[in-house]
Amino acid sequence: MGIQRHQVVIAALLIVGGLGYLFFTGMQGNMVFYYTVGEVLEQRDTLAGRPLRIAGKVVPGTIEKSPSNYLDVRFVIHEGDERVPVEFHGTVPDTLVDDSDAVVQGRLGDDGIFRATEVQAKCPSKYETETDYAKYREAGVAIPIDDLR
């Protein structure tokens, strides 16, 4: 007794469908959505507890490191007048300074505090204009290329 052609097609479709289902359900658990500070505050109730990324600027004077271990860090990111407090346990990049652009990944708590599992900060020197470098040269911080020859 041989296997009929339609049984093979049905079995192949079931296997492909099962693999597709596993792929998409597995991807949903690993997806992290990217939001601005304003979007997070607008959707606070629906975003609480979900993994997400928030982009904003560090509010000057808000970076606090625990004096006992220097690994517990608190700061606030903002977009205009809207602010989100952030807590993080770990080593933060040296580029995390006042007014730096930051992207934090983690979960927003019901209390409105974002508990980050990852913190990234952009290097501000990448965005400085040529006139910014000119004022450093005038102050003697940088040596003009012509002086090195």
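For the structure itself, look to the data block above.
Calculation rules
Residues numbered from 1 in each chain as written. Predicted model: local features only at pLDDT ≥ 70, side-chain atom pairs only at ≥ 80, totals over all residues. Heavy atoms only, no water. Salt bridge = Lys/Arg side-chain N within 4 Å of Asp/Glu carboxyl O. Helix = DSSP H or I, 4+ residues; strand = E, 2+ residues; numbered from the N terminus. Buried < 20%, exposed > 50% of the residue type's maximum accessible area, 1.4 Å probe, protein only. Patch = residues over 30% accessible without salt bridge, like charges linked within 9 Å, V, L, I, M, F, W, Y side chains within 5 Å. Areas by Shrake-Rupley, 256 points an atom, 1.4 Å probe, with all protein chains shown as cover.

Trainee: Looking at this model, I keep getting lost on the pattern of salt bridges. Mind explaining?
Mentor: When charged atoms on two side chains of opposite charge get close, those side chains can pair. Applying the stated criterion to the full structure yields four salt bridges. Across the pair K57 and D101 runs a salt bridge, and its minimum N-O distance is 3.1 Å. Note that K57 is positioned in strand β2 (residues 51-58) and D101 in strand β6 (residues 101-108), a separation of 44 residues in sequence. Judged by relative accessible area, D101 falls into the partly exposed class, the value being 28%. A salt bridge links E87 to R115; the shortest N-O distance between them is 3.6 Å. Note that E87 is positioned in strand β5 (residues 82-89) and R115 in strand β7 (residues 114-121), a separation of 28 residues in sequence. For E87, a relative accessible area of 24% puts it in the partly exposed group.

Trainee: Teacher, can you tell me more about the environment of F88 here?
Mentor: The topology assignment puts F88 in strand β5. Accessibility expressed as a relative area gives 9% for F88, which makes it buried. Separated by 27 residues in sequence, F88 and R115 have C-alpha atoms that sit 6.0 Å apart.

Trainee: Could you clarify how one ought to interpret unusual backbone geometry in this entry?
Mentor: If a residue is not glycine, its phi is most likely negative; likewise, a peptide bond is most likely trans. The phi dihedral of D99 falls on the positive side, at around 70°, and the residue is not glycine. Here D99 lies in the loop between β5 and β6.

Trainee: Sorry if this is basic, but what is going on with a nonpolar patch on the surface here?
Mentor: Together, I15, L19, Y21 and L22 give the surface a local cluster of nonpolar side chains, amounting to about 480 Å² of exposed area. Structurally, L22 is set in helix α1 (residues 5-30).

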